[in-house]
Amino acid sequence: MVSVSAPGKLMLFGEHAVVYGKHCIVTAVDKRLIANLQRSKDISINSMDYKIRNYVLDKLDKLPSELKFVSSSIRYFYDKYRIKGGVSIATGGTLKSSYGLGSSSAIIVCIIKGLAKLFRVPLPNRTLFDVSYKINRLVQGAGSGFDVASAIYGKTLNYVAGGKVIQKVKVKDLPLVIGYTGIKAHTPTIVKEVANRYRENPEYHDDIFDDIDKISLKAKDEIEHKKWRKVGSLMDKNQELLRKLGVSSFKLEEMVNAAKDAGAYGAKLSGAGVGDCMIAIPDGSVEAVKDAIKEAGGQVISIKVNADGVKAN
Ligand code: MEV
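Residues numbered from 1 in each chain as written. Predicted model: local features only at pLDDT ≥ 70, side-chain atom pairs only at ≥ 80, totals over all residues. Heavy atoms only, no water.

1. Notes on the site of the ligand
Definition in use: We call a residue near a given molecule or strand whenever any one of its heavy atoms falls within 4 Å of it. For this analysis, a polar contact is any N or O atom pair within 3.5 Å, provided that within protein one partner can donate a hydrogen and the other can accept it, and provided that sequence-adjacent residues contribute only side-chain to side-chain pairs. What sets the accessible areas is the Shrake-Rupley method with a 1.4 Å probe; for residues, cover comes only from the shown protein chains. The definitions used throughout rest on a 1 Å grid laid over the protein atoms alone, on which a cavity is an enclosed set of points accommodating a 1.4 Å probe that cannot get out and a pocket is an open set flanked by protein within 12 Å on both sides along at least five of seven lines; lining residues are those having an atom within 4 Å of a point. Any molecule with more than half of its atoms within 2 Å of a cavity's or pocket's grid points is regarded as sitting in that cavity or pocket. Each residue gets one of three labels, nonpolar for Ala, Val, Leu, Ile, Met, Phe, Trp, Tyr, Cys and Pro, charged for Asp, Glu, Lys and Arg, and polar for the others, Gly among them. Residue ranges for the domains originate in an automatic or database domain assignment.
The full set of residues close to the ligand is K9, E15, H16, V18, V19, G143, S144, F146, T187, V191, G271 and A272. One nitrogen or oxygen atom from the main chain of H16 is found 2.9 Å from an oxygen atom belonging to the ligand. Note that an oxygen atom of the ligand is positioned 2.6 Å from one of the side-chain N or O atoms of S144. About the coverage of the ligand: the protein hides 95% of its 300 Å² of free accessible area. A molecule is said to occupy a pocket when more than half its atoms come within 2 Å of that pocket's grid points, and by this definition the ligand occupies the largest pocket. Across the shell around the ligand, the residue classes break down as 5 nonpolar, 5 polar and 2 charged. Split by domain, the shell around the ligand shows at least three residues from each of two domains, domain 1 (2-170) and domain 2 (177-301).

2. Quick look at helix α3 (residues 125-140)
Which entries qualify depends on this criterion: Numbering of helices and strands starts at the N terminus; helices are DSSP runs of H or I of at least 4 residues and strands are runs of E of at least 2. Expected helix span is given by 1.5 Å per residue-to-residue step, counting one fewer step than there are residues. The buried label goes to any residue with under 20% of its type's maximum accessible area, the exposed label to any with over 50%, and the partly exposed label to all in between, with areas taken from a 1.4 Å probe on protein chains only. Note on contacts: a residue pair is in contact if any heavy atoms of the two residues lie within 4.5 Å.
When the terminal C-alpha atoms of α3 are compared, their 22 Å separation across 16 residues agrees well with the 22 Å that a helix rising 1.5 Å per residue should span. All of the buried residues in α3 are L128, F129, V131, S132, Y133, I135 and N136. Those residues of α3 hidden inside the fold are in contact with α1 (68-80), α2 (103-118), α4 (146-153), β6 (156-160) and β7 (165-168). G141 lies just past α3 and shows a positive phi near 80 degrees.

3. A look at the pattern of salt bridges
Oppositely charged side chains can form a pair if their charged atoms are brought close together. How we decide: A carboxyl oxygen of Asp or Glu within 4 Å of a side-chain nitrogen of Lys or Arg is what we treat as a salt bridge.
Scanning the model with the defined rule gives 11 salt bridges in all. For E15, the salt bridge is made with K268, and the minimal N-O distance between the two is 2.8 Å. Pair noted here: E15 is in the loop between β1 (2-13) and β2 (23-40) and K268 is in strand β9 (residues 266-270), with a separation of 253 residues, a long-range link. You'll find E15 and K268 in the same group, each marked buried. The salt bridge involving E224 is made with K220; its shortest N-O contact spans 3.5 Å. With a gap of 4 residues between them, E224 and K220 both fall in helix α6 (residues 202-224), about one helical turn apart. Residue class for K220 comes out buried when judged on its relative accessible area of 11%.

4. Concerning the layout of surface pockets
Gaps between atoms show up when a probe of the same size as a water molecule is rolled over them. The following threshold applies: Grid points are joined across faces, edges and corners, and a volume is the space filled by probe spheres set on the points.
Here the largest pocket defines a volume of roughly 940 Å³. Around the largest pocket sit 48 residues that line it, and F69, S104, Q140, K184 and T187 are the ones nearest its centre. When residues of the lining of the largest pocket are traced back to their parent elements, those giving at least two are β1, α1, β5 (86-93), α2, α3, α4 and α5 (187-200). A per-element tally of the lining of the largest pocket places α2 first, with 4 residues. Grouping the constituent residues of the lining of the largest pocket by class yields 18 nonpolar, 21 polar and 9 charged.

5. A short note on the sheet that holds strand β11 (residues 299-301)
Quick reminder of the rule: Note on pairing: DSSP must find at least two bridges between two strands before they are called paired. Fitted lines through C-alpha atoms serve as axes, helices being fitted only where they are in contact, and the angles separating the N-to-C directions of these axes extend from 0 to 180 degrees.
Across the sheet, which stays open at both edges, the 4 strands sit in the order β9-β10-β8-β11 with antiparallel pairing between neighbours. Whereas interior strands pair on both sides, the edge strands pair on one side only; in this sheet they are β9 and β11. The average undirected angle you get between the axes of adjacent strands in this sheet is 30 degrees. Both strand β8 (residues 177-180) and β11 contribute to a ladder of 3 bridges, which runs antiparallel. Counted as the bridge partner of I178 is I301 from β11. Packing against the sheet, helix α7 (residues 228-245) makes contact with β9 and β10 (277-281), and its axis sits at approximately 50 degrees to β9. Lying over the sheet, helix α8 (residues 250-261) contacts β8, β9 and β10, oriented at roughly 155 degrees with respect to β9.

6. Side note on the packing of aromatic side chains
The condition that has to hold: A pair of Phe, Tyr and Trp rings is counted when the ring centres sit within 6.5 Å of each other, with Trp represented by its six-membered ring. The angle between the planes then sorts it: under 30 degrees is stacked, over 60 is edge-to-face, the rest tilted.
Scanning the entire structure with this criterion turns up 8 aromatic pairs. Between Y78 and F119, the aromatic rings sit 6.0 Å apart at their centres with planes inclined by 80 degrees, giving edge-to-face as the arrangement. In this pair, Y78 sits in helix α1 while F119 sits in the loop between α2 and α3, placing the two residues 41 residues apart along the sequence. Like F119, Y78 is buried. Each ring, one from Y99 and one from Y180, has its centre 4.8 Å from the other, and the planes form 80 degrees; the classification is edge-to-face. Separated by 81 residues along the polypeptide, Y99 in the loop between β5 and α2 and Y180 in strand β8 bring together distant segments of the chain. One exposure class covers both Y99 and Y180, and it is buried.

7. Some words on empty space enclosed by the protein
The final tally for this structure, using the stated rule, is 1 cavity of 30 Å³ or more. Estimated volume of the largest cavity: approximately 30 Å³. The element contributing the most residues to the lining of the largest cavity is β1, with 3 residues. For the lining of the largest cavity, the residue count by class is 5 nonpolar, 3 polar and 1 charged. There are two domains that each give the lining of the largest cavity at least three residues, and those are domain 1 (2-170) and domain 2 (177-301).

Shape is all these values report; function is a separate question.
Written out as structure tokens, the structure is:
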């Protein structure tokens, strides 16, 4: 049997701008997706998250929608590497699909890494990235692939779409408070809405994306020097630009403002926006920032960041 695990992610800086070729900073989180694979007669899937037991993929063409990432990964791998034997796959772990922490990219990475190990296909990380990113695009139709890179390489990365830049940010730990809005965001829809607005007014959006790019690169330096007050102030600037892009929301604003009022150095939404999570860099009073986020209706989630990338054994 092969057992693979990959981390979820949290966007620190540069969401949306990264889709337009700019830099972003992403960190891997200690919630992990796990896939266990073993050779078998058929191709079958068990998923704890989706309560699916022993679903047999017939000819790889009857795909239940909950399993589209799993089934598309299997199909792509089988076609590309002309695999003949069957496989039984069970997925689970602590990375649930609800928080928007990148469970779909983590599952693709786990399945591809696991199949490669099981069928002895040599797959260096760069190829694993290229294959997983292609599958991600096939299923979602959009996306920069930052979540795929994070699932593979882990830690904290400076990233440019398509893997043009995948560079480790030299940091051991990041003091972050994370608040979940309770609202599940549908990333492909939000990315499409931004694309529609971009077509109507490219200059306006290009200026915003250029400014976000500068913030992400500056943030990388400040993070490496542990200048948390400065990192916080860059978060505030990034949040202002995300507001201008129209991807913030009433709930996110309330949580961000509550964190700031409680003394956080800075706060912003994390990810596509509209819902999912916000992040804050607390000053000394971590508990006060957490309480303020809760009072604003958010759920504080306890996650460690800078986690390891994909692992297989
Ligand atoms: C979503 O978590 C982040 C976006 O930048 C989309 C992407 O980069 O794929 C909005």
